[in-house]
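# Architecture at a glance
Here is how the chains run, residue by residue.
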Amino acid sequence: MQRLLQQIHTRLRTTWLPAIAMLCAVMSGIGDASAQTDAQFSQYYEVPTYYNPAAAGRTDFLRIRGGARMQWVGIDNAPMTFAATADMPFKFINKRFAAGVLMSQESIGLYKTLMLDGQIGYKFKKFGGEFTAALQIGMYDQSWKGSEVFLPDNDDYHQGTDDGIPTTDIHGTALDLGLGLWYEHKRFWAGLSCSHLTSPTIGLNAESASGGSETAGERRYEFQARRTLYFMAGGNIPVKNTLFEILPSLMVKSDFLFTTGEITARARYNKFLSFGVGYRWNDAVIATVAAEIKNFYIGYSYDYATSAINRASMGSHEVFAGYSLKLDFSEKNKNRHKSIRIM
């Protein structure tokens, strides 16, 4: 077992990073038409495991985050996303590993997407910091509320008998995989990952009254989750002779047809209150504020669209909250308890 772990260690150091980039690039040419599928969070730095499974176990805490994003408030059926993540490090045969779970649900009009994933990573120290290489495996679930479709007759833009638009409720599920690599240093962090690695195609079938599924006529409806490459990085810069820290970060993502990115600059006071601004390329200006009190976290961000959509929308709102529980699996704390006479 020890020899096997050493071989894994060597392989991860020498091949994991180029493998992720190359595999995503090569496989991006396979498949039919699809769309970018992952949700956008302005507080991406608080839920990094949503984008990179190797961000699991960054600290010696069980770290829990959950929240919601309301996109383009004021526009009917605009995207609404809920997400929850949890991750922690652990030791096995004297080696460091990490585990995480992820759940997210996004509604856009009559579409609804549900993702349930588990994450497992292996950690090793190098270059003054710690690398984590991780695999993500889970379920990608897509549904369409066709029973609520209304196609008007005598309309210049619609046909009441358009077979390309399903008018029954359809639903499908597929296996979903992801890979990630993360580097954590006391002053900075960076990660590269690929989500929807196999670009799974979800076949959507009509939902039967008994809760199962059946073929929706002779027409097959499909949705393809497009594989997406993410690069994230950030830092922690203390301001000399003050209680302030500067926390810059950025994220770039590409599905090999569409590439975008954002940059964020935050300041944190006394490990308690943080505030900052960000910019998402050709999309929005972001303001954020957050507080951390005794391992509790709550954060809020507001996006003001820089595109023409701001004429119809009052912006986007995002709230995240969470808790971090200190973990200690050392032998000296095993079965430790206090006497009731001194509690």
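Criteria and cut-off values
- Residues numbered from 1 in each chain as written.
- Predicted model: local features only at pLDDT ≥ 70, side-chain atom pairs only at ≥ 80, totals over all residues.
- Heavy atoms only, no water.
- Helix = DSSP H or I, 4+ residues; strand = E, 2+ residues; numbered from the N terminus.
- Buried < 20%, exposed > 50% of the residue type's maximum accessible area, 1.4 Å probe, protein only.
- Contact = heavy atoms within 4.5 Å.
- Areas by Shrake-Rupley, 256 points an atom, 1.4 Å probe, with all protein chains shown as cover.
- Pairing = 2+ DSSP bridges.

If you tally the helices and strands in the chain, you get one helix and 18 strands. A buried classification covers 44% of the 343 residues belonging to the chain. Relative to all contacts within the chain whose residues are 6 or more apart in sequence, the contacts with residues 24 or more apart total 57%. As presented, the chain carries roughly 19100 Å² of accessible surface, and 60% of it is formed by carbon and sulfur atoms.

Turning to the environment of L110, a few remarks are in order. Among the secondary structure elements, L110 is positioned in the loop between strand 3 (95-108) and strand 4 (111-126). Spatially, the C-alpha atoms of L110 and V149 are 8.2 Å apart, while their sequence positions differ by 39 residues. Not counting the four nearest positions on each side in its chain, L110 is found in contact with S143, W144, K145, E148 and V149.

Only one face of strand 17 (residues 296-305) is covered, namely the face carrying Y297, G299, S301, D303 and A305; the face carrying F296, I298, Y300, Y302 and Y304 is uncovered. Pairing of strand 16 (residues 284-293) with strand 17 involves ten bridges; the strand directions are antiparallel. When the bridges of strand 17 are listed, E292 appears paired with Y297. Turn length for the strand 16-strand 17 hairpin, with the two strands adjacent in sequence and antiparallel, is two residues, and the turn residue K294 shows positive phi of about 50 degrees. Examined bridge by bridge, strand 17 and strand 18 (residues 316-326) share eight bridges and lie antiparallel to one another. The residue of strand 18 that forms the bridge with G299 is F320.

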